[in-house]
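# Summary of the model geometry
Here's the letter readout for the chains.
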Amino acid sequence: SSISVIPQTPVLFGGGCTLRENLDPLNSVTDEAIYEALMQVSMYEAVQSLPLELNTLVAENGSNFSVGQRQLLCLARAILRKSRVLILDEATANCDSSTDMLLQRAVAKSFKGATIIAVAHRLETLIDYDKIVVLDNGGLVECGSPKQLIEKDGEFASMVAETGDRAAMLRARALQG
């Protein structure tokens, strides 16, 4: 009950379930709490624009929402659960960079003090985390803070260098830590 997972393909329940039931399956929080969580993930206005708002039926697989919106709704569900452990498994792989930034900001704000395990290929997604583990072929290549890994000038530093124009920004963010 204290762990939430946001996978690469976000899960919303269709088949007659409302948006409210998706966000609060146990019916344990108020509408006000739901709207607060929606504000935290920048989905408040989108939900307010729906004719039935929280009572809107979710289509099969959540197809009446974009992939990015589904990711943000799954994050709102995790916020409502007050999860102490959040696992992001390529959660923004199918999102544009602005949705990725929205999700990362919401995670940083809403999960202070929580354990966050993020699997990602986008370095912008990981660069501000406390510790990065670089894996290759199922094995550990290196592990440390972004700053340590940049200063080590190993595999992670090479990955940052390969980002082209973004490399200087990523290095600067890593070295701030």
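Just above sits the structure.
Residues numbered from 1 in each chain as written. Predicted model: local features only at pLDDT ≥ 70, side-chain atom pairs only at ≥ 80, totals over all residues. Heavy atoms only, no water.

## Comments concerning the overall build of the protein
Rules: Put simply, DSSP marks the helices as runs of H or I at least four residues long and the strands as runs of E at least two long, and each gets a number from the N terminus on. In what follows, residue pairs with any heavy atoms lying within 4.5 Å of each other are defined as contacts. Values of accessible area rely on a 1.4 Å probe in the Shrake-Rupley scheme; residue burial ignores everything except the protein chains shown. In this count, Lys and Arg are taken as positive residues and Asp and Glu as negative ones, while His and the chain termini are left out. Charge coordinates come from a single atom per side chain, which is NZ of Lys, CZ of Arg, CG of Asp or CD of Glu.
Looking only at helices and strands, the protein features nine helices and five strands. Put simply, the protein runs from its N terminus to its C terminus through helices and strands in the order β-α-α-α-α-β-α-β-α-β-β-α-α-α. Counting only C-alpha atoms, the protein reaches 55 × 30 × 30 Å along its principal axes. When contacts within the protein are restricted to residue pairs at least 6 apart in sequence, long-range pairs at least 24 apart make up 64% of them. When the accessible surface of the protein is split by element, carbon and sulfur atoms take 52% of a total near 9800 Å². On the protein, the mean spot of the 16 positive side-chain charges and the mean spot of the 22 negative ones are 5 Å from each other.

## Looking at a nonpolar patch on the surface
What counts is decided by this rule: Here, patches come from residues exposed beyond 30% relative accessible area and free of salt bridges, joined within 9 Å for like charges and within 5 Å for nonpolar side chains (Val, Leu, Ile, Met, Phe, Trp, Tyr). Throughout this description, the term salt bridge denotes a Lys or Arg side-chain nitrogen within 4 Å of a carboxyl oxygen of Asp or Glu.
A contiguous nonpolar surface patch, about 320 Å² in accessible area, is contributed by V133, L135 and L140. Structurally, the position occupied by V133 is in strand β4 (residues 132-136).

## Notes on the pairing of strand β1 (residues 3-6)
Worth spelling out the cut-off: Remark: exposure states derive from per-residue accessible area (1.4 Å probe, protein chains only) relative to the maximum for the residue type, with buried under 20%, exposed over 50%, and partly exposed in between. Any two strands with at least two DSSP-identified bridges between them are counted as paired.
Of the two faces of β1, only the one carrying S4 and I6 is buried; I3 and V5 on the other face are not. For β1 and strand β2 (residues 85-89), the ladder comprises four bridges, and the chain directions are parallel. The residue of β2 that forms the bridge with I6 is L88.

## As for the packing of helix α2 (residues 31-40) against helix α4 (residues 67-81)
Keep this limit in mind: A fitted line through C-alpha atoms serves as each axis, taken over the contacting stretch for helices, and the angle formed by two N-to-C directions is quoted from 0 to 180°. Orientation is classified from the angle alone, with under 35 degrees giving roughly parallel, over 145 giving roughly antiparallel, 65 to 115 giving roughly perpendicular, and any other angle giving oblique. Crossing handedness follows the turn of the near helix against the far one: under a right angle anticlockwise gives a left-handed crossing, and clockwise gives a right-handed one. Here the term charged refers only to Asp, Glu, Lys and Arg, the term nonpolar to Ala, Val, Leu, Ile, Met, Phe, Trp, Tyr, Cys and Pro, and the term polar to all other amino acids, Gly among them.
At a closest axis distance of 9 Å, the pairing of α2 and α4 adopts a crossing angle of 130°. With respect to each other, α2 and α4 are oriented oblique. Read as a crossing pair, α2 and α4 show a hand that is right-handed. The segment α2 lies against α4, with A33, I34, A37, L38 and Q40 engaging L73, A76, I79 and L80. Looking at side-chain class alone, the contact of α2 with α4 contains eight nonpolar, one polar and no charged residues.

## Regarding the sheet that holds β2
Read across the sheet, three strands follow the order β1-β2-β3 without closing on themselves; strand pairing throughout is parallel. A strand with exactly one partner marks an edge of an open sheet, and here the two such strands are β1 and β3 (115-119). Ignoring strand direction, the axes of neighbouring strands in this sheet form an average angle of 10°. Packing of α4 onto the sheet brings it into contact with β1 and β2, and relative to β1 it is tilted by some 175°.

## Quick look at unusual backbone geometry
For N61, which is not a glycine, the phi torsion comes out positive at approximately 60°. By the element assignment, N61 lies in the loop between α3 (44-48) and α4. The backbone of K82 shows a phi angle near 55°, a positive value even though the residue is not glycine. Checked against the element boundaries, K82 lands in the loop between α4 and β2.

The quantities given are spatial measurements derived from coordinates; they are silent on function.
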